[in-house]
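Here is how the chains run, residue by residue.
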Amino acid sequence: MNDFMYSYPTKVYFGKNSASNAIKSELASAGKTIMLAYGGGSVKKNGIYDEIAEMLCKMGKKVIDFSGIMPNPTYAKVQEGAMLAKKEQVDYILALGGGSVIDCCKIVAAQAKTEQDLWEMEFADRNIPSNAIAMGAIVTASGTGAEMNGGAVITNEEKKTKTGMLAFAPRFAVLDPVYTLSVPRMQVISGAFDTLSHAMETYFGNSDPDNVSDDLALAVMRNTVVNMRRLLADINDLQARGNLMWDSAMAENGILKVGRLTDFQVHQIEHQLGAYTDCNHGQGLAVIHPVYYRHILAAAKEKFTRFAKEVFGTDTAEDGLNAFTAFIQECGLPTKLSELKSTVEMTPDLLRQVADTCNIIQCNPRVLSRDEIYEILCECI
Ligand code: NZQ
Ligand code: ZN
């Protein structure tokens, strides 16, 4: 066990009526002006927006809309939200969406409280924000676990960088699986794969082999696979959706990471690929994961063997990796970069730029060179 400090800032409301219960309890004593933030309009179509707006109106709140937050939210969108929050003197931000809306709101909340440019503050001055507007997250698409942590993944289009920024975790999170029922099938599966990836990337980081976090990570992986298979059989299985919602939060709320180092090399490569191509996060991970693992397998044979036995019920490290690769196919997730929906063509030149600019992890089974990352990306074509 490495040294650590652990505290938890997010209150979770799970299940039926949780949005109503949370809003009544958490916003009663908040100020009057609430920013209701959402994406490209799914919440307007499925009625969740109207439901939440009505609750707020009944409480006498003034609702300020902040709409159009795109998947893979941009830093420009953050600035737009922060300006609006300042102008309207917003007291509380409610993020209504998936990881993209929640992440965007975390940085809006912090940027609205300072005149300093947050990107400069975090990456040039190496400081983190000290203040933010309070916010809550109402999850409508699950998988990232963004609702229970203080990190936010933001794309800076000018700098061609998609990376994690640090801010404050939401004060509360609403997890109602019913709210996810209108999410398109492929997004449901991509989100769940993101959860599996988080637990795997945590587990494959360097740690004492008898660390309890490894045991927890393996349990989250097993449970995610079981429930993804239930959804493959019946995409509307509400119990499975709920199980996966909690898996998602568990995988990224920090509890698996306590007292250990993590890998997250696949995430670093995928994030940078996203900066250049705007591809879907979970689907990008599905393509890169098996190739990366084939590269590092020999350096983590024992861990891969344990993963093989406990998650896929196979005997050897190689069998486990084959079962994982077959599972990605079983899910219908992309297995090649060419299958990802991308705004630009993934040429070797573009992949070289991704390899040359992504973060390189130092606490994984084997540290990769930029040439090897490029090789991995070329093997994904
Ligand atoms: O924009 P709308 O119209 O709402 O449509 C969204 C979007 O197109 C749709 N959607 C959401 N709820 C829906 C729905 N459609 C129908 N019914 C509903 N109830 O789903 C699409 C994808 O949404 P998005 O929020 O982009 O997906 P996800 O939750 O996978 O979030 C991805 C973002 O989170 C970052 C990713 O990099 C990416 O930017 N991540 C954040 C993390 C964190 N903060 O801890 C960790 C992750 O590793 C990840 O990097
Ligand atoms: Zn992820």
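Residues numbered from 1 in each chain as written. Chains lettered and ligands numbered in written order. Predicted model: local features only at pLDDT ≥ 70, side-chain atom pairs only at ≥ 80, totals over all residues. Heavy atoms only, no water.

This part covers the overall build of the protein. What the protein contains, in helices and strands, is 15 helices and 8 strands. Against the globule reference of 21 Å for 381 residues, the protein gives a C-alpha radius of gyration of 20 Å, in line with a compact fold. Viewed in the frame of its principal axes, the protein has a C-alpha envelope of about 60 × 45 × 45 Å. Long-range contacts, defined as pairs at least 24 residues apart, comprise 77% of the intrachain contacts of the protein with a sequence gap of at least 6. Split by element, the accessible area of the protein, about 15700 Å² in all, is 50% carbon and sulfur. The centroid of the 36 positive side-chain charges in the protein is displaced by 6 Å from the centroid of its 46 negative side-chain charges. (Helix = DSSP H or I, 4+ residues; strand = E, 2+ residues; numbered from the N terminus. Rg over C-alpha atoms; globule rule 2.2 N^0.38 Å. Contact = heavy atoms within 4.5 Å. Areas by Shrake-Rupley, 256 points an atom, 1.4 Å probe, with all protein chains shown as cover. Lys, Arg positive; Asp, Glu negative; His and termini not counted. Charge placed at Lys NZ, Arg CZ, Asp CG, Glu CD.)

Around ligand 1, 32 residues are found, and the nearest of them are Gly-40, Ser-42, Gly-99, Ser-100 and His-198. Between Tyr-179 and ligand 1, the recorded distance is 3.1 Å, taken from a backbone N or O atom to a nitrogen atom. Note that a nitrogen atom of ligand 1 is positioned 2.8 Å from one of the side-chain N or O atoms of Ser-182. Among the elements of the structure, helix H5 (99-111), strand E6 (151-156), helix H7 (185-203) and helix H10 (265-277) are those that each provide at least two residues to the shell around ligand 1. The element best represented in the shell around ligand 1 is H5, accounting for 4 residues. Per-class residue counts for the shell around ligand 1 are 8 nonpolar, 19 polar and 5 charged. (Near = heavy atom within 4 Å. Polar contact = N/O pair within 3.5 Å; in protein donor to acceptor, adjacent residues only side chain to side chain. Nonpolar A, V, L, I, M, F, W, Y, C, P; charged D, E, K, R; others polar.)

Here the focus is the packing of helix H12 (residues 301-312) against helix H13 (residues 317-330). Two numbers describe how H12 lies on H13: the axes approach to 7 Å, and their chain directions differ by 55 degrees. Compared by their axis directions, H12 and H13 come out oblique. By crossing handedness, the relation of H12 to H13 is classed as left-handed. Residues Lys-301, Phe-304, Thr-305, Phe-307, Ala-308 and Phe-312 of H12 lie in contact with H13, whose contacting residues are Ala-317, Glu-318, Gly-320, Ala-323, Phe-324 and Phe-327. Of the residues assigned to the contact of H12 with H13, the class counts are 8 nonpolar, 2 polar and 2 charged. (Axes fitted to C-alpha atoms, helices over the stretch in contact; angles between N-to-C directions. Parallel < 35°, antiparallel > 145°, perpendicular 65-115°, else oblique. Left-handed = near helix turned anticlockwise from the far one by under 90°.)

Along the chain, the position of Asp-176 falls in the loop between strand E8 (172-175) and H7. Within the buried set, Asp-176 has no salt-bridge partner at all; the shortest N-O distance to an opposite charge, 9.2 Å, is to Lys-16. For Asp-176, the residues in contact, after removing those within four places along its chain, are Gly-15, Lys-16, Asn-17, Ser-18 and Met-245. (Buried < 20%, exposed > 50% of the residue type's maximum accessible area, 1.4 Å probe, protein only. Salt bridge = Lys/Arg side-chain N within 4 Å of Asp/Glu carboxyl O.)

The protein atoms donating to the zinc ion (ligand 2) are Asp-194 (OD), His-198 (NE2), His-267 (NE2) and His-281 (NE2), with metal-donor distances spanning 2.0 to 2.2 Å. The sequence pattern describing where the donors of the zinc ion (ligand 2) fall on their chain is D-x3-H-x68-H-x13-H. Linking Asp-194 in helix H7 with His-267 in helix H10, this pair joins segments that are 73 residues apart in sequence. Look at His-267 and you get buried, because its relative accessible area is 4%. (Donors = N, O, S within 2.8 Å, 3.2 Å for Na, K, Ca; no water.)

This part covers the environment of Asp-263. With respect to the secondary-structure elements, Asp-263 resides in the loop between helix H9 (238-252) and H10. The spatial distance from the C-alpha of Asp-263 to the C-alpha of Ala-134 is 31 Å, given a sequence separation of 129 residues. Filtering out sequence-adjacent residues up to four positions away, Asp-263 remains in contact with Glu-201, Phe-204, Gly-205, Tyr-292, Ile-296, Ile-361, Asn-364 and Pro-365. At 2.8 Å, the side chain of Asp-263 and the backbone nitrogen of Gln-265 are in polar contact.

Within this structure, the stated rule accounts for 17 aromatic pairs. Summarising the aromatic geometry, the rings of Tyr-6 and Tyr-8 are spaced 6.0 Å apart at their centres and angled 40 degrees between planes, so their arrangement reads as tilted. Note on Tyr-6: relative accessible area 36%, which makes it partly exposed. Note on Tyr-8: relative accessible area 30%, which makes it partly exposed. On the basis of an interplanar angle of 80 degrees and a centroid distance of 6.2 Å, the ring pair of Phe-307 and Phe-324 is categorised as edge-to-face. You can see Phe-307 sitting in helix H12 and its partner Phe-324 sitting in helix H13, a full 17 residues away along the chain. (Phe/Tyr/Trp six-rings, centres within 6.5 Å; stacked < 30°, edge-to-face > 60°.)

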